[in-house]
Amino acid sequence: MALSKIQAESMNLADTYAFTGTVSGASDVALISTQTTGSASAIDFTGLDNTYNMYMVTYQDLQFASADQTFIMRISDDNGSTVKTSGYLSVTDFSYYDGGSLASNNNASVNFHVIATDVGNASDNRSCFGQIYFRTPATARKHSFLGATSIYNDNGDVVIYNTATVYNTNQTFNAIRFLGSSNFAGTFKLYGYN
Amino acid sequence: MDNTIQYKLVNGVQVELSQNEINEMQLFRDEWNNGAFDRKMTALRTKRNNLLAQTDYLALSDQTMSAEMTTYRQSLRDITNGLTTVEDVEAVVFPEKPEV
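Residues numbered from 1 in each chain as written. Chains lettered and ligands numbered in written order. Predicted model: local features only at pLDDT ≥ 70, side-chain atom pairs only at ≥ 80, totals over all residues. Heavy atoms only, no water.

The next subject is the packing of aromatic side chains. Under the defined criterion, the tally for this structure stands at 21 aromatic pairs over all chains. Their ring planes at 85 degrees and their centres at 5.8 Å tell us that Tyr52(A) and Tyr55(A) sit as a pair that is edge-to-face. By the burial criterion, Tyr52(A) is buried, and Tyr55(A) matches it. An angle of 20 degrees between the planes, with centres 6.1 Å apart, marks the rings of Phe94(A) and Tyr96(A) as stacked. Look at Phe94(A) and you get buried, because its relative accessible area is 12%. Here Tyr96(A) falls in the buried class, since its relative accessible area comes to 7%. One aromatic cluster is present, formed by Phe45(A), Tyr59(A), Phe64(A), Phe71(A), Phe178(A), Phe184(A) and Phe188(A) through successive ring pairs. When the ring centre of Trp32(B) is taken as reference, the NZ or CZ atom of Arg39(B) above it lies at 3.3 Å. (Phe/Tyr/Trp six-rings, centres within 6.5 Å; stacked < 30°, edge-to-face > 60°. Buried < 20%, exposed > 50% of the residue type's maximum accessible area, 1.4 Å probe, protein only. Lys NZ or Arg CZ within 6 Å of the ring centre and 35° of its normal.)

Next up, the structure:
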């Protein structure tokens, strides 16, 4: 395509262009991988390192095999062969509203990072959606995780979950595992930030 | 959706779970399922307490509480009576709040 298409203050995209090669300097955010499942007991992201200063995982269109389920995350230092099942300090604040009644509550765990409880299985958009952030996993420290999740549960409540977790040992990790109290479907995306 | 504990997805590849992983996940599921009644009751009480709090001001000495409101608040206080199963809790219908 002739370079005359690129103008001083604009680019003419009347034609269809295929971008090839590496685009640099465009963004500090990179999509590292996407995983989509129709039914799995767990989803692992492995091979995590310090390439990026911060990582974010988003999950969307989550649907569970049965109603009233919970959804959690754990870390691994052997690429998912085993996961840490204790040593967490995880606290969640959540509020729910059904159009008439607003209520708030909280819960905590030492066995995992809590993403959401009371997750439904209906197909009419009552799925959960959210994100988790963490920093440089290959650096030994008491790692922190910050998550936010919204759901529309089986009782007809919209619910917001805000969770902070610390893994309470100086630790590196190279994998994270998402699992629920039932099998689940959904799409997970891992992003890196600089 | 099949709920058998069998597969995990690892970087987009379906992988069969080890027996240790299956045991660990089953334990997690059992613990969650065994707590269903307590979770439902906690949610019910939280909602009930919130509804009570909305009309607490009517109990102040400079307010007059109607008989309907007194009945409504007592119904809220009694709403957990006799509940012994998850199904009982799910079947609870909150009373309608009377006009103030």
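Another aspect to go through is the interface of chain B and chain A. Taken together, the contact pairs 29 residues of chain B with 45 residues of chain A. For the pairing of chain B and chain A, the buried interface totals around 2,700 Å² over both sides, and the portion due to carbon and sulfur atoms is 50%. The interface formed by chain B and chain A includes six salt bridges. Glu24(B) is the salt-bridge partner of Arg74(A), the closest N and O atoms lying 4.0 Å from each other. Run the count over chain B and chain A and you get 23 residue pairs in polar contact (both at pLDDT 80 or more). Among the secondary structure elements, those contributing two or more residues to the side of chain B that touches chain A are β1 (7-10), α1 (19-34) and α2 (36-54) of chain B. In terms of residues, the side of chain B that touches chain A owes the most to one element, α2(B), which gives 10 residues. Here the side of chain B that touches chain A is composed, by residue class, of 12 nonpolar, nine polar and eight charged. Across three bridges, the pairing between strand β1 (residues 29-46) of chain A and β1(B) is parallel. In the strand pairing of β1(B), Ala42(A) is matched with Lys8(B). (Contact = heavy atoms within 4.5 Å. Buried area = accessible area lost by both parts, 1.4 Å probe. Salt bridge = Lys/Arg side-chain N within 4 Å of Asp/Glu carboxyl O. Polar contact = N/O pair within 3.5 Å; in protein donor to acceptor, adjacent residues only side chain to side chain. Helix = DSSP H or I, 4+ residues; strand = E, 2+ residues; numbered from the N terminus. Nonpolar A, V, L, I, M, F, W, Y, C, P; charged D, E, K, R; others polar. Pairing = 2+ DSSP bridges.)

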